[in-house]
Amino acid sequence: MKTVAVLLAPGFEEGEAIVTIDILRRLKINVRTLSCVNTRAVLSYHEIPMVADATLSECFDETFDAVVLPGGPEGSVFLAGNANVIAFVRRHDEQGKFICPICSAAARVLGGNGLLKGRRYVCSGDLWQQVTDGVYVDADVVEDGNLISGKGLGKVFDFALTLAARLEGDEAPARDHADHIYYPW
């Protein structure tokens with residue numbers, strides 16, 4: 001079974017995290033939410049308390065098939081400045097695992113730490129103007145090798161379904177599920 005780590009930092013965009021978790025779990029993909037602080041409790045962008053499955057420090061040495069980085073103004077800044085997050089993402093990237101930022105996370109976390117490595121990506125707003133090591137593409141979801149990036153909250157279903165399809169190596173289950181939830185993917 002494929003495994004996905006969703007990194008939850010204080011101020012994370014809850015919609016981007018929850019929809020992605022929901023879609024992946026519905027498709028029987030093993031998702032673990034990892035708090036990037038010392039407790040499992042994390043407060044989201046809109047101050048919704050969430051309890052993660054574990055902390056990043058507890059699972060730091062585990063390897064997942066994909067790492068999801070939700071955005072959120074404060075959340076992406078926190079992720080970008082956290083050395084453990086960057087080391088975790090870098091290790092997974094070097095192993096060819098899927099690295100999956102959405103919204104501001106591509107620019108702030110990956111672009112801000114030299115992790116785009118010239119790859120094509122999308123992010124929210126005009127944050128791409130601050131990035132020097134990637135190639136911005138204005139699209140809903142951009143795939144470049146093991147990097148899958150999503151534009152933002154309004155495109156989270158496309159992002160999550162694309163990730164599910166790539167993890168499974170088959171689009172049919174994701175397409176069937178999109179039909180099931182009345183989403184035109």
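Residues numbered from 1 in each chain as written. Predicted model: local features only at pLDDT ≥ 70, side-chain atom pairs only at ≥ 80, totals over all residues. Heavy atoms only, no water.

K.L.:
Describe a negative patch on the surface, listing the residues and the values that go with them.
P.N.:
Residues Glu-168, Asp-170, Asp-176 and Asp-179 make up a contiguous surface patch of negative charge. Among the structural elements, Glu-168 can be located in helix 6 (residues 156-168). We classify Glu-168 as partly exposed; its relative accessible area is 39%. (Patch = residues over 30% accessible without salt bridge, like charges linked within 9 Å, V, L, I, M, F, W, Y side chains within 5 Å. Areas by Shrake-Rupley, 256 points an atom, 1.4 Å probe, with all protein chains shown as cover. Salt bridge = Lys/Arg side-chain N within 4 Å of Asp/Glu carboxyl O. Lys, Arg positive; Asp, Glu negative; His and termini not counted. Charge placed at Lys NZ, Arg CZ, Asp CG, Glu CD. Helix = DSSP H or I, 4+ residues; strand = E, 2+ residues; numbered from the N terminus. Buried < 20%, exposed > 50% of the residue type's maximum accessible area, 1.4 Å probe, protein only.)

K.L.:
Can you tell me about the pairing of strand 10 (residues 141-144), naming the residues and giving the values?
P.N.:
For strand 10 and strand 11 (residues 147-150), the ladder comprises four bridges, and the chain directions are antiparallel. Considered in strand 11, the bridge of Val-141 is made with Gly-150. In this antiparallel pair of consecutive strands, strand 10 and strand 11, the connection spans two residues, and Gly-145 shows a positive phi of 65 degrees. (Pairing = 2+ DSSP bridges.)

K.L.:
I'd love a proper account of the packing of helix 1 (residues 14-26) against helix 6, names of residues and values included.
P.N.:
Two elements in contact, helix 1 and helix 6, have axes whose closest approach is 9 Å; the angle formed by their N-to-C orientations is 40 degrees. Here the hand of the crossing between helix 1 and helix 6 comes out right-handed. Contacts between helix 1 and helix 6 involve Gly-15, Glu-16, Val-19, Thr-20, Ile-23 and Leu-24 from the former and Val-156, Phe-157, Phe-159, Ala-160, Leu-161, Leu-163, Ala-164 and Leu-167 from the latter. Residue composition of the contact of helix 1 with helix 6, by class: 11 nonpolar, two polar and one charged. (Axes fitted to C-alpha atoms, helices over the stretch in contact; angles between N-to-C directions. Left-handed = near helix turned anticlockwise from the far one by under 90°. Contact = heavy atoms within 4.5 Å. Nonpolar A, V, L, I, M, F, W, Y, C, P; charged D, E, K, R; others polar.)

K.L.:
Outline the environment of Asp-61, supporting the account with residue identities and numerical values.
P.N.:
Positionally, Asp-61 belongs in the loop between helix 2 (56-59) and strand 6 (66-69). Through-space distance from the C-alpha of Asp-61 to that of Gly-111 is 24 Å; in sequence the pair is 50 residues apart.

K.L.:
Give a detailed account of the UniProt feature "domain: DJ-1/PfpI" (unreviewed entry) in the chain, specifying residues and quantitative values.
P.N.:
Feature annotation in UniProt assigns "domain: DJ-1/PfpI" (unreviewed entry) to the following positions: residues 2-164. Between the end C-alpha atoms of residues 2-164 there is a gap of 10 Å, over a span that is 32% helix and 25% strand. (UniProt positions renumbered as here; feature names shortened; annotations may be inferred.)

K.L.:
Any chance you could break down the nonpolar core for me, citing the residues and the numbers?
P.N.:
Counting 33 residues, the largest nonpolar core has Val-4, Val-6, Leu-24, Cys-100, Leu-163 and Leu-167 as the members making the most contacts within it. Listed by contribution, the elements that provide at least two residues to this core are strand 1 (3-8), helix 1, strand 6, strand 7 (98-101), helix 6 and helix 7 (172-180). Other than its neighbours up to four places away in sequence, Leu-163 contacts Leu-24, Ala-66, Val-68, Phe-98, Cys-100 and Ile-148. By size, the runner-up hydrophobic cluster in this structure holds 30 residues, among which are Leu-56, Ala-105, Leu-115 and Leu-116. (Core = buried A, V, L, I, M, F, W, Y, C linked by side-chain atoms within 4.5 Å.)

K.L.:
Outline the pattern of salt bridges, supporting the account with residue identities and numerical values.
P.N.:
Within the structure shown, the criterion is met by 10 salt bridges. When the shortest N-O distance is used, the salt bridge between Arg-26 and Asp-22 registers 2.5 Å. Here Arg-26 and its partner Asp-22 are both found in helix 1, four residues apart, which amounts to about one turn of the helix. Looking at Asp-22, the relative accessible area reads 32%, which means it is partly exposed. Two residues, Arg-166 and Glu-143, come together in a salt bridge whose shortest N-O distance is 2.6 Å. With Arg-166 in helix 6 and Glu-143 in strand 10, this residue pair connects regions lying 23 residues apart in the sequence. Here the salt bridges share partners, and the residues they tie into one network are Glu-143, Arg-166, Glu-171 and Arg-175.

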